[in-house]
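Tertiary structure, described
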Amino acid sequence: MVGFVVCLCTLVAQPQGVLSTLKKEHPYLLANSQDFARIKREVRTESAMKSMFEALQKKADSLLNELPSEYVIPDGKRLLATCRRVTDRVTLLAMVYRIDGSRKYLDRAWQELKAAAEFRDWNPSHFLDTAEMTHAFAIGYDWLYNDLIEEQRRTLKDSIRDRGVKKALEQHRQKAFWTRCNHNWNQVCNGGIGIGALAIANEEPELAQQFLALARDAIQIPMKEYAPNGAWGEGPGYWEYATSFNVYFLAALETALGTDFGLSAIEGFSEAGTFPIYTSGPTGLSFAYADAHEGIVRAANLFWLAKKFNRPEYAVYQAKTGVPQPYSLIWYNAKLAKAKTRPTLDKYYRHSEVVTMRGSWTDPDTTFVAFKAGDNKFNHSHLDIGHFSIDSQGLRWACDLGSDDYNLPAYFGNKRWTYCRLRAESHNTLVLNPSDAPDQDPRAAAKVVKFSSKASSPFAIADLTPAYRNNAKSVRRGVMLVDRERVLVQDEIVSERVTDSYWFMTTPAEIVIAEDGKMATLKQKGKTMTVRLLSPTSARFEAMKCEPLPSSPHPPKQADNKQMKLVVRTEVLGAKTIAVLVSPDETSKPELKPLDRW
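Each residue is numbered by its place in its chain's sequence as written, counting from 1. Residues qualify for local features only when their pLDDT is at least 70, as the model is predicted, and side-chain atom pairs are given and counted only at 80 or more; totals for whole chains, interfaces and linings, by contrast, use all residues. Side-chain calculation: all heavy atoms of the structure are included, whereas hydrogens and water are not.

This paragraph deals with the nonpolar core. By size, the foremost hydrophobic cluster in this structure holds 129 residues, and its most contacted members are Leu-29, Trp-239 and Trp-331. Note on conventions: DSSP H or I runs of at least 4 residues are helices, E runs of at least 2 residues are strands, and numbering of each starts at the N terminus. Considering every element that reaches this core, the biggest residue donor is helix 11 (residues 236-257), with 14 residues. Leu-481, Val-489, Ala-520 and Leu-522 belong to the second largest nonpolar core, which has 46 residues in total. What we call a nonpolar core is a set of buried Ala, Val, Leu, Ile, Met, Phe, Trp, Tyr and Cys residues that are connected through their side-chain atoms within 4.5 Å. Burial here depends on accessible area, computed with a 1.4 Å probe over protein chains only, as a share of the maximum for the residue type. Under 20% is buried, over 50% is exposed, and the range in between is partly exposed.

Another point: the pattern of salt bridges. Salt bridges are identified by distance alone: a Lys or Arg side-chain nitrogen within 4 Å of an Asp or Glu carboxyl oxygen. The full count for this structure, using the stated rule, is 38 salt bridges. One salt bridge connects Arg-161 with Asp-158, and the closest N-O pair in it is separated by 3.4 Å. Taken together, the residues span about one helical turn, with Arg-161 and Asp-158 both in helix 7 (residues 150-173) at a distance of 3 residues. Residue classification places Asp-158 among the partly exposed residues on the basis of a relative accessible area of 23%. One network of salt bridges, in which partners are shared, links Lys-157, Asp-158, Arg-161, Asp-162, Lys-166 and Glu-204.

Residues with a pLDDT of 70 or more make up 97% of the protein, whose mean pLDDT is 94. Residue-level confidence of the predictor is what pLDDT reports, using numbers from 0 through 100. Throughout, a residue-residue contact means that at least one pair of heavy atoms, one from each residue, lies within 4.5 Å. Counted against residues more than four places away or in other chains, residues 1-15, with its pLDDT under 50, gives 22 contacts.

Next up on the list: the pairing of strand 14 (residues 527-535). Relative to strand 14, strand 13 (residues 519-524) is paired through 6 bridges, and the arrangement is antiparallel. Considered in strand 14, the bridge of Thr-521 is made with Thr-530. Two elements, strand 14 and strand 16 (residues 564-583), share 5 bridges in a ladder whose sense is antiparallel. Pairing of Leu-533 across the sheet is with Val-580, part of strand 16. Only strands that DSSP links by at least two bridges are regarded as paired with each other.

For the purposes of this analysis, a disulfide is any pair of cysteine sulfur atoms at a distance within 2.5 Å. A full pass over the atoms with the stated rule returns 0 disulfides. In this structure Cys-420 is a free cysteine whose sulfur lies 7.6 Å from that of Cys-546, the closest cysteine sulfur available. Residue classification places Cys-420 among the buried residues on the basis of a relative accessible area of 4%.

Now for the packing of aromatic side chains. Only centres within 6.5 Å qualify two rings of Phe, Tyr or Trp (six-membered ring in Trp) as a pair; their planes then separate them into stacked at under 30 degrees, edge-to-face at over 60, and tilted for everything else. Counted according to the given criterion, the structure contains 29 aromatic pairs. Ring geometry for Phe-269 and Phe-309: centres 6.2 Å apart, planes at 80°, overall edge-to-face. With a gap of 40 residues between them, Phe-269 in the loop between helix 11 and helix 12 (274-278) and Phe-309 in helix 13 (residues 301-309) connect regions that are remote in the sequence. The same class applies to Phe-269 as to Phe-309, namely buried. Here Tyr-411 and Tyr-419 contribute two aromatic rings whose centre-to-centre distance is 6.2 Å and whose plane-to-plane angle is 35°, an arrangement assigned as tilted. A relative accessible area of 1% means that Tyr-411 is categorised as buried. Note on Tyr-419: relative accessible area 1%, which makes it buried. Members of the aromatic cluster, each reached through a chain of ring pairs, are Phe-36, Trp-143, Tyr-238, Tyr-241, Phe-245, Tyr-248, Tyr-327 and Trp-331. Charge-over-ring placement is defined geometrically: NZ (Lys) or CZ (Arg) within 6 Å of the ring centre, and within 35 degrees of the ring normal. Over the face of the ring belonging to Phe-261 we find Arg-216, whose NZ or CZ atom lies 4.4 Å from the ring centre. Note that Lys-347 overlies the ring of Tyr-278, its terminal NZ or CZ placed 5.5 Å from the centroid.

In structure tokens form, the structure reads like this:
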């Protein structure tokens, strides 16, 4: 890897080489004239392409009488919603125009671009906004170039140059955090502006060369986070955001220059498409952690990744779960999307330290469990080391509350660990001595120390000790999918002083606890799950609202939560095992074994 980076840096030292193979005729971003001609044929002859285009055209028609987007910063910080609306509209209208040819789509796309070109700025103080708007203008400029008049071209080119590329070069010179960070900001900002630089590279070669050289080197930093096997530390939702802009940039480099300079060969990137597949449960919901959400990951970039790396499983997943997107028409391949695939049932993602296990890929009622160790320091992380989610019978039973309002005071600063949703107490993990603030070590990183994909009962064991080093000598959690149907969560805690321990599982279900406190029944939508407390014999289940514990910090505002928490509260002195079995029926409990014997 070191040699690879050095090689790229050597190329950057010779900026003329960056644009030596630049195409001269528009369009050349993501698709060229031959690609659009192929798409025209395929929307007439291939059923999935026809269906996608009809849906996109219907959506484009609905925009024809909509007013152009306006400059609105509702939270005083972000123009992002507006920038995304402009991007969605421009890519949609431009694609439909390229395929249908009706002038009304071109005119409406120009109205959107003209309005955004007249904005007072593209909010460079929150540079994601600038990058996403530059992406929109790049596509509009490139795809519509041959049918725009000179004055319109100049408006778009000047906007990309002055509001996008020049602003980004200033930030690179000032060493803005996104120019060297290892998360989504790097890919979005360098990728979005990079596409803009390519769009105007024939007219502004010196400027484009400067930025592309910088972006090509900088984007390697977050791309290394995909190693070794494709996971993303910010969670599946942010995987979609980061990887989409990563793909846009690499795909644009290939179509504009004929090369991505070897970036797609960075370790782990070819495996990136596995992450949304394996972290999606049979409900379709994602294994949410950090500030990510449980929503289904739908990303046209999976079609590109499928073609680039000949990975039909990526295309199969996106074809089943995705909604029509303009870029899908470019990258969709019927042979890949209709291939028969047989993915393994279980997956362990090293580095991100995420494990997923399931009973079946075809049974919608199968049991699925996802479990993480991970790094509390990674961007957007919560204090959620040890967190798990469970699907069964077509429903999610152990869930994640997701992020809180990003505009809360110091949400990304010194108040972060005072917000309940970000603390361990809101996740399906342990809290030791809850009066501690924060309730896990924010600097902690934990690893899965054993993983077994056994045919009958796969499992993973993580050493959570770094998250609780102030309160325990040792903390380990094992999660087993017993008979690929029931989920056993077993914790082994060793403490040299009296420690208050809380075991939490957040659920959207109604909780009914048996009189002896050893069993709880979860009910939702006419279905039930049985939860048994196997150890310790002295403890009982409790039900709590998803709100801060009495001893927790209470900032002035927090999200309201409708979910409930199933809780096991106990004291630890010496060694103690907490074992809980979650099952779709009341079958007999498994024999408890120490984690060392798993």
